[in-house]
Amino acid sequence: MTTLGAVFRPQLPPERLRSVARAADAAGLEELWLWEDCFLSSGVASTSAALAWTERLRVGAGLLPVPLRNVALTAMEAATLHRMFPGRAMLAVGHGVQSWMGQTGARVESPMTLLREYLHALRALLGGERLTVDGRYVRLDDVALDWPPTVPVPVHAGGLGPRTLRLTGEAADGTVLDASVPADGVRRACALVAEGRAAAGRSGPHPVTVYLHVATGPGARERLRAEKERTGNTAPGLGVTGDARAVADAVVELAEAGATAVILQPTSDEPDPEGFVRFAAERVRPLVP
């Protein structure tokens, strides 16, 4: 069964999150994803608040930009969330937008090396290991979590390029693709992830989460067109407008291409974010197998 979720866009003020999260929880939405885009809202702080305001909703923070975050700190935050809200917190990491990383003074010469070192260290720390690491970017001296998660915690990573996608298969427990990837791109991404997993000798499930541009209601077509132009994702076939059936059909297409979770991404000017999460849970979800 395909998991269905929605995005709380960071272009909304942080104080709006409470009503959207509660609406999603009450409507039965499975997942609500938050972004840590510079220089908007903190992904981890927002995730913690959304989890505290809800009862059953799974909440994801992704992507957390690894150049901004010491891996020990991310491990501490992830472990804390998983112990306080078992089975409901999800964290995904990635390279970060390189121009933003440059603005913060955190840009590195080799993002691939950093992400590989980071994923191996983060998974080990969350697995209860004690680490001494002297990598190019990740350096730890006899570090272990005093309060590690009590159950295995999957670490997701996002990316688009072939090398990064192979790395997510090699070193992460799941892959996140943004809304610039159509169904054919999801198939190619899944194949690259599988290559990375095979090279690393890994087996078992590897969930693939895909965002989907969605606009519904009055002015939907114009809002989606403007959103795609703002983000540069103007390729034909990206995104969907219309009623629940049209959205469900687009979700199914991505699921058939390999997505295990499809996260509906409203436009940044969505006029009714509470209504959007209810639309996803109450009208689209029943139409998605």
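Novice: Could you clarify how one ought to interpret unusual backbone geometry in this entry?
Specialist: What is expected of a backbone is that most residues other than glycine have negative phi and most peptide bonds are trans. Residues Cys 38 and Phe 39 are joined by a peptide bond in cis, for which omega reads 0 degrees. Mapped onto the elements of the fold, Phe 39 is located in the loop between β2 (31-34) and α2 (43-53). The residue Asp 142 is not glycine, and still its phi comes out positive at about 55 degrees. Locating Asp 142 in the fold gives a position in strand β6 (residues 139-143).

Novice: Would you mind going over the packing of helix α9 (residues 244-257) against helix α10 (residues 273-284) with me for this structure?
Specialist: Between two packed helices, both the angle of their axes relative to each other and the distance between the axes serve to describe the pair. Where α9 meets α10, the closest approach of the two axes is 10 Å, and the angle between their N-to-C directions is 85 degrees. Taken as axis vectors, α9 and α10 run roughly perpendicular relative to one another. For the pair formed by α9 and α10, the contact residues are Ala 244, Val 247 and Ala 248 on the first element and Phe 279, Arg 283 and Val 284 on the second. Here the residues of the contact of α9 with α10 sort into five nonpolar, no polar and one charged.

Novice: I'm lost on the environment of His 95 in this one. Help?
Specialist: Its location among the elements puts His 95 in the loop between β4 (89-94) and α4 (98-103). Distance from His 95 to Arg 136, taken between C-alpha atoms, is 15 Å for residues 41 residues apart in sequence. With residues near it in sequence (within four places) discarded, His 95 still touches Pro 67, Met 101, Pro 111, Met 112, Leu 115 and Thr 164. A distance of 3.5 Å separates a polar atom in the side chain of His 95 from the backbone oxygen of Pro 111.

Novice: How do you make sense of the nonpolar core when you look at a structure like this?
Specialist: Looking at soluble globular proteins, one finds that nonpolar side chains tend to be buried together. Ranked by internal contacts, the top residues of the largest apolar core, which has 82 residues, are Val 93, Leu 119, Leu 126, Leu 212 and Leu 264. No other element matches helix α5 (residues 111-126), which puts 10 residues into this core. For Leu 212, the contacting residues outside a window of four places in its chain are Ala 179, Gly 239, Val 240, Ala 250, Val 251, Leu 254, Val 262, Ile 263, Leu 264 and Gln 265. In this structure, Trp 33, Ala 179, Tyr 211 and Ala 261 belong to the second largest nonpolar core, which totals 10 residues.

Novice: Where do I start with the side chain of Thr 164 in this structure?
Specialist: Mapped onto the fold, Thr 164 is located in helix α6 (residues 162-171). A residue is classified by how much of its surface remains accessible, and Thr 164, at 8% relative accessible area, is buried. Those residues in contact with Thr 164, other than ones at most four positions away along the chain, are His 95, Met 112, Leu 115, Gly 158 and Gly 159.

Conventions used here
Residues numbered from 1 in each chain as written. Predicted model: local features only at pLDDT ≥ 70, side-chain atom pairs only at ≥ 80, totals over all residues. Heavy atoms only, no water. Helix = DSSP H or I, 4+ residues; strand = E, 2+ residues; numbered from the N terminus. Axes fitted to C-alpha atoms, helices over the stretch in contact; angles between N-to-C directions. Parallel < 35°, antiparallel > 145°, perpendicular 65-115°, else oblique. Contact = heavy atoms within 4.5 Å. Nonpolar A, V, L, I, M, F, W, Y, C, P; charged D, E, K, R; others polar. Polar contact = N/O pair within 3.5 Å; in protein donor to acceptor, adjacent residues only side chain to side chain. Core = buried A, V, L, I, M, F, W, Y, C linked by side-chain atoms within 4.5 Å. Buried < 20%, exposed > 50% of the residue type's maximum accessible area, 1.4 Å probe, protein only.

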